[in-house]
Amino acid sequence: MNAPQEKSPIIWDLPLRFFHWSMVAVVFTAAVTGYFFEEWWLDVHVYAGYALTCLLIFRLIWGFLGSYYSRFHTFPLSRNGVVTHLKNLLKGKSEQHAGHNPVGAWMIVGLLATLCLLVVSGFIVWGGQENKGPLASLIGYQFGEWGEEIHETLAGILMFAISIHLLGVLVETFIFKHPIVQAMITGRKEGVSATGKPVSIWHSLAGMLILIGVGAAFSYWITTKQQPPMAMSSNETYQQECGDCHPAYHPSLRSQNDWQQIMNNLSDHYGEDASLDATTYQEITAFLNSQNANTFDTEVAHKVGRHDTPNQRMTQTRYWQKKHDELTETDYSHPDIGSKVNCNACHKDADSGRFDDDQIKLPKGVHS
Amino acid sequence: MKKVICLTAIAAAFALATPAYASSILDEYRNQAQQENPSFNGFSAERGKAFFLTQHATGKAETPACTSCHTNDPTQSGLTRAGKSIAPLAVSVSPDRYTDQRKVEKWFRRNCNSVLGRACTTIEKGDFITFMQTQ
């Protein structure tokens, strides 16, 4: 039993291998949804981010509690080691290392650090811009905007780092003939002598339990820390009087100034008389003075509501037009929609003013 | 005791008034029409129908006729220009029509201005409701 184990000892314990390949899957999902389907698959992207968070937390714990080669303090990070390794590489050789080689170890440190920052900035965007997730009530919209830029930069850095990592793996595998991919699958490296205590199955089991524990604790945190309800406006009179011809638009969709203009011109309201009696007029004007895009800190308030247009239309803001540029007049004339100002036909959460991506449900027959 | 009588009286008034309300709006238009024009001799569903179907085109360009939104058939649902469905105007299909004076007046004010570019006369309003009651 002892003899073959000495020949090819387990270097990467099971929890570490599981971590590695889960992370590959999760990062792949997050990258594809982030780069190609940002709007439609934002939820999937975020779930991938949640999973990644759990994996990273686990990896940090395992860096202290794991088996010998999983622990951070065994990483060969010394400058001398790196220099020697690089010199060797230039001469066309690469020594077989039991754990990571020095350059590889730095690569891992870089990847883990980037991923941690990526996840943190992701939470900031999710909370600030979309008003969702555990940080929704803590982070304002503007902060979320900055978070997004950082998040995108980090994603670029990650893509670069992953390319280098893959390049390294290819070089190791095909030029130096070190089967490191196989090692990450079986955990064993042939022909190396391992340092440290041999990996025990009980230790690995404990690792998997820690991972499950982290996942459970995280899910608990996420579900109990649900998004705060939006400071919801509700004014019966407004809902009724401004909801007769089109849905009553959420007050965060126009600025105080634009609402005032609209109220001033009700008898010639986009080609119709929408005038009100004096009391109703007063009540609605007061309501829109107290609730409007300037009093809501949401993405829609910032990108649509606060941009005044010459005819006060939200559908003429640049953001609105960009978001709907794939929809045609034919789409809008669909019997279940009727007009582009019938936001509720496609946005199931329009009344709440959220306009979340996952609440867009196009009627059958509308392609986009 | 006085209170009870008062409340009963009020309740009774409401109970009696509600079913009769639809025609009470029409009654009011009738009184008003008589005052405005002594030779007035009743509303006409025929005139109401013609008014409803005419392409007036004297108001705003977007809305030349009542039928622009309410369709030619009062028993069918209409559609606002913003794509929202409007319940039919015919009393047989929408019994709660023409029962709330503020609502009726509000929409006559708006829609007549949009379609005709002026307020509707009392006779036009009475004819219109009379026509809708036959539908």
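Cut-offs applied
Residues numbered from 1 in each chain as written. Chains lettered and ligands numbered in written order. Predicted model: local features only at pLDDT ≥ 70, side-chain atom pairs only at ≥ 80, totals over all residues. Heavy atoms only, no water. Helix = DSSP H or I, 4+ residues; strand = E, 2+ residues; numbered from the N terminus. Contact = heavy atoms within 4.5 Å. Areas by Shrake-Rupley, 256 points an atom, 1.4 Å probe, with all protein chains shown as cover. Disulfide = S-S within 2.5 Å. Buried < 20%, exposed > 50% of the residue type's maximum accessible area, 1.4 Å probe, protein only. Domains from an automatic or database assignment. Buried area = accessible area lost by both parts, 1.4 Å probe. Salt bridge = Lys/Arg side-chain N within 4 Å of Asp/Glu carboxyl O. Phe/Tyr/Trp six-rings, centres within 6.5 Å; stacked < 30°, edge-to-face > 60°. Lys NZ or Arg CZ within 6 Å of the ring centre and 35° of its normal. Core = buried A, V, L, I, M, F, W, Y, C linked by side-chain atoms within 4.5 Å.

Visitor: Let's hear about the overall build of chain B: which residues, and what values?
Guide: Counting secondary structure elements, chain B contains 5 helices and 2 strands. Listing the helices and strands of chain B from first to last along the sequence gives α-α-α-β-β-α-α. Taking contacts inside chain B between residues at least 6 apart in sequence as the whole, the part at least 24 apart equals 55%. Just so you have it, chain B exposes about 7800 Å², and 59% of that area is on carbon and sulfur atoms.

Visitor: Go over the state of the cysteines with me, naming the residues and quoting the values.
Guide: By the definition in use, this model includes 1 disulfide over all chains. The residue that forms a disulfide with Cys112 of chain B is Cys120 of chain B, at a sulfur-sulfur distance of 1.9 Å. Judged by the sign of its S-S torsion, about -95°, the cystine formed by Cys112 of chain B and Cys120 of chain B is left-handed. With relative accessibility at 5%, the residue Cys112 of chain B sits in the buried group. Exposure remark for Cys120 of chain B: the relative accessible area of 10% places this residue in the buried category. The thiol sulfur of Cys242 of chain A is not disulfide-bonded, and the nearest other cysteine sulfur, from Cys245 of chain A, lies at 9.5 Å.

Visitor: Describe the domain arrangement of chain A, naming the residues involved and giving the relevant values.
Guide: All names here are of chain A. You can read the domains of chain A as domain 1 (14-225) and domain 2 (236-359). On a C-alpha basis, the centroid separation for the pair domain 1 and domain 2 is 45 Å. Taken together, the contact between domain 1 and domain 2 spans 10 residues of the former and 10 residues of the latter. Summing the contributions of domain 1 and of domain 2, the shared interface buries around 1000 Å²; its carbon and sulfur component is 33%. When residues of domain 1 are sorted by the area they lose upon contact with domain 2, Glu39, Glu130 and Tyr141 head the list and together hold 53% of the total. Seen at the junction of domain 1 and domain 2, the total is 1 salt bridge. Every element with two or more residues in the side of domain 1 that touches domain 2 is listed here: helix 3 (42-65) and helix 6 (141-175).

Visitor: So what about the environment of Asn344 of chain A? Which residues, and what values?
Guide: Residues and elements named next belong to chain A. For Asn344, the position within the fold is in the segment after helix 14 (329-332). Of the residues examined, Asn344 reaches a relative accessible area of 23% and is grouped as partly exposed. For the pair Asn344 and Pro247, spaced 97 residues apart in sequence, the C-alpha separation works out to 6.9 Å. If near-sequence neighbours (up to four positions away) are discounted, Asn344 is found in contact with Pro247, Ala350 and Asp351.

Visitor: Mind laying out the packing of aromatic side chains, listing which residues take part and the relevant values?
Guide: Per the stated rule, a full pass over the model turns up 19 aromatic pairs over all chains. On the numbers, 5.8 Å between centres and 90° between planes, the contact of Phe64 of chain A with Phe72 of chain A is edge-to-face. Given the relative accessible area of 23%, Phe72 of chain A is considered partly exposed. Over the face of the ring belonging to Phe19 of chain A we find Arg59 of chain A, whose NZ or CZ atom lies 6.0 Å from the ring centre. Sitting over the ring of Trp107 of chain B, Arg110 of chain B keeps its end group 4.8 Å from the ring centre.

Visitor: Now, about the nonpolar core: what can you tell me, with residues and values included?
Guide: Most often, soluble globular proteins have nonpolar side chains that are buried together. All names here are of chain A. Ranked by size, the top nonpolar core spans 45 residues in total, and within it Trp12, Met23, Tyr50, Leu52, Leu115 and Phe123 carry the most contacts. Tallying contributions element by element places helix 5 (residues 102-128) first for this core, with 11 residues. Among all residues touching Tyr50, those that are not within four sequence positions of it are Phe123, Trp126, Gly133, Pro134, Phe218 and Ile222. Counting 22 residues, the second-largest nonpolar core is a separate cluster that includes Leu266, Ala274, Phe287 and Cys343.

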